[in-house]
Amino acid sequence: EEHYQQERKRHRQGQQQGEINYLKKGKEIAMQTKSQLGSNLMAAIKERGPDGAIEFCNTRAYTITDSMALALGAKIKRVSDQPRNPMNIANDDQLNYIVNAKAQLTKGETASPLMTDLGETMVGYYPITTNAMCLKCHGEPRSQINEATLKVLSVLYPEDEAKGYGENELRGIWVVEINKTDIHAGKGESQN
């Protein structure tokens, strides 16, 4: 009877662990981080316009992303095939996802997120698409990005490749790395 109960308990724990939807969990982490960055970015735009938004991104985006990663118990970053900051260049796996996601969007489909099991960790890719607001800093120079903003971009991001986008285009991706052990132990649970 004792052996049966231990096996039953172990089986239930295994089922509970198997019930974690890592794709959904990663999306929650990416969207909470996006929301935090977005609200701070909107405040910077309201206070100082697009130029202030660029300065905000340059000085505060990494700090906010890192603090969200700590609070949510995951590694979080944004990468692109056309980065504004060279530190955000996508690696080969991320580039493959970006190419496929762009192809989905070109066909009029939704770019699907992707979760990959790497043993102890799960790594998810979540698309970042442009909207009208993004184009004030990521659109066409001079027609969507004004001269003052272009000047700030050239000073803060001399190697900027993140211009020339249109609305609803893939600008980059969120990369969310989840340690399975931490999630199963309840670390990084949102306080919401």
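Residues numbered from 1 in each chain as written. Predicted model: local features only at pLDDT ≥ 70, side-chain atom pairs only at ≥ 80, totals over all residues. Heavy atoms only, no water.

Take the sheet that holds strand S1 (residues 75-79) next. Pairing within the open sheet is antiparallel, and its 4 strands lie in the order S1-S4-S3-S2. In this open sheet, the two strands that pair with only one neighbour each are S1 and strand S2 (114-117). Between one strand axis and the next, the sheet turns through 20° on average, direction left out of account. Here 9 bridges tie strand S3 (residues 121-129) to strand S4 (residues 170-179), and the two strands are oriented antiparallel to one another. Each residue of the ladder has a partner; that of glycine 124, found in S4, is valine 176. In this fold helix H2 (residues 22-72) packs onto S1, S2, S3 and S4, with an angle of close to 135° to the strand it touches most, S4. Each of S1, S2, S3 and S4 touches helix H3 (residues 92-106); the most contacted strand, S4, lies at about 130° to it. (Pairing = 2+ DSSP bridges. Helix = DSSP H or I, 4+ residues; strand = E, 2+ residues; numbered from the N terminus. Axes fitted to C-alpha atoms, helices over the stretch in contact; angles between N-to-C directions. Contact = heavy atoms within 4.5 Å.)

Right, let's talk about the pairing of S3 for a bit. Counting buried residues along S3, 7 of its 9 residues qualify, which places the element largely inside the surrounding structure. As defined by bridge partners, S2 adjoins S3 across 4 bridges and the pair is classed as antiparallel. Its bridge partner being in S3, methionine 115 is matched across the sheet by glycine 124. Counting the residues in the hairpin turn of S2 and S3 gives 3 residues, including glycine 119, whose phi is positive at 95°. (Buried < 20%, exposed > 50% of the residue type's maximum accessible area, 1.4 Å probe, protein only.)

Turning next to helix H5 (residues 147-156). Those residues of H5 lying buried are Thr149, Leu150, Val152 and Leu153. Mapping the buried residues of H5 onto a view down its axis gives an arc of 160°, with all of them on the same face. Residues of H5 that are exposed and point more than 90 degrees away from the buried face comprise Lys151 and Val155. Its buried side turned inward, H5 meets H2 and helix H4 (135-138). (Arc of directions from axis to C-beta.)

With 8 of 10 residues buried, S4 is to be regarded as a mostly interior element. Bridging between S1 and S4 involves 5 bridges; their strand directions are antiparallel. Paired with arginine 78 across the strands is tryptophan 174, a residue of S4.

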